Amino acid sequence: MRRSRGTVSCKTNRRVFYQYWLPDRRPRALVLLVHGLAEHGGRYGHVGQYLVDCGVGVCALDLPGHGQSYGSPGHIARFSHYLDAVAAIQSQVQSDHEGIPLAIMGHSMGGLVVANYLLEHQHDFFCCVLSAPALQSTDAPGKVLGSVLKGLSASMPRVGVLSLDAEAVSRDPAVVRRYQNDPMVYRGRISARLTQEMLDAMTHARNFASSVRIPILLMHGGQDRLTDINGTNSYHKHVVSPDKRLQLYPDLYHELLNEPERRHVLKQVMSWLRAHIPQK
């Protein structure tokens, strides 16, 4: 396996970090991987290794405010900055590996980023995988709290309003320990602006799901406490792709790719990719 890393300038003229996991030979396909809230692309090395062993390369970026990319942890001024970062990395990947088919994969908030990104870019990819996508809030605020959140987003955008429960990440205690001890995992509170931007992005992705026609695999754990499985069910129902699949795992927590059953999940991801890689 070959590994490389670099940075690229995005629309805001700031640097976005990315890294590759590549087979020694020319890959059959590439996967552009978008991580979740508060984490970073480096946590997906085992995913890269598995797919590389199957002849598929992976490029994972660090979203703005995450990992080694620009920005403030736990905060973003506009959700569109995430989309701009993905666009910059996609351009870099296509420049580095011209002619190689490209798929896109997103986990959690990364799934929300991808769901919105597809609305303008789905024709650039041969298929999509969404793992526990954040398409609906598990704790959506009511009208009063919603108004308060909007007010805070406008007047005090950086004030912290939301925190993530590390214990809900995985049933594997070793995964939880690594998550808690990872210096590039943000453990503070998520800002009011980012929270509001995510809620707005969820609404946008659901409202325009009927325009998504790309082959798409949706996966979610039945015991996920961080993202709402009902959002995934609803999104699957409204996506109009003639080639779509909903894969539910009744006993799994949020990070399907870090659960004790991760090899089984990865096998199903690879099976989906293999079935859709364009044949020359």
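Nothing here was measured: the structure is a model prediction, and the numbers come from that model. (Residues numbered from 1 in each chain as written. Predicted model: local features only at pLDDT ≥ 70, side-chain atom pairs only at ≥ 80, totals over all residues. Heavy atoms only, no water.)

A. Layout of the pairing of strand E9 (residues 216–221). With 6 of its 6 residues buried, E9 lies for the most part within the structure. Here 4 bridges tie strand E6 (residues 128–131) to E9, and the two strands are oriented parallel to one another. Pairing of Leu 130 across the sheet is with Leu 218, part of E9. In terms of strand pairing, E9 meets strand E10 (residues 244–249) through 6 bridges, oriented parallel. Considered in E10, the bridge of Gly 221 is made with Tyr 249. (Buried < 20%, exposed > 50% of the residue type's maximum accessible area, 1.4 Å probe, protein only. Helix = DSSP H or I, 4+ residues; strand = E, 2+ residues; numbered from the N terminus. Pairing = 2+ DSSP bridges.)

B. Representation of the layout of surface pockets. If you add up the space inside the largest pocket, you get close to 710 Å³. Along the wall of the largest pocket there are 32 residues; nearest its centre are Ser 137, Thr 138, Leu 162, Leu 164 and Thr 195. Its residues assigned to classes, the lining of the largest pocket shows 18 nonpolar, 10 polar and 4 charged. (1 Å grid on protein atoms, 1.4 Å probe; cavity = no way out; pocket = protein on both sides within 12 Å on 5 of 7 lines; lining within 4 Å. Points joined across faces, edges and corners; volume = space filled by probe spheres on them. Nonpolar A, V, L, I, M, F, W, Y, C, P; charged D, E, K, R; others polar.)

C. Representation of the side chain of Thr 232 in the model. Along the chain, Thr 232 turns up in helix H7 (residues 229–238). Contact partners of Thr 232, with chain neighbours within four places excluded, come to Pro 133, Leu 135, Leu 218, His 220 and Leu 246. (Contact = heavy atoms within 4.5 Å.)

D. Spatial organisation of the sheet that holds E6. Strand order in this open sheet of 8 strands is E1-E2-E4-E3-E5-E6-E9-E10, and the pairing throughout is mixed. Strands at the two margins of the open sheet, each flanked by one partner only, are strand E1 (2–9) and E10. Averaged over all pairs of adjacent strands, the angle between their axes in this sheet comes to 20°, without regard to strand direction. In this fold helix H3 (residues 109–121) packs onto strand E3 (29–34), strand E5 (102–107), E6 and E9, with an angle of close to 135° to the strand it touches most, E5. (Axes fitted to C-alpha atoms, helices over the stretch in contact; angles between N-to-C directions.)

E. Representation of empty space enclosed by the protein. Applying the stated criterion to the full structure yields 1 cavity of 30 Å³ or more. By volume, the largest cavity is sized at about 40 Å³. Around the largest cavity, the lining residues are Tyr 44, His 107, Ser 131, Glu 255, Leu 256, Leu 257 and Asn 258. The residue makeup of the lining of the largest cavity, split by class, is 3 nonpolar, 3 polar and 1 charged.

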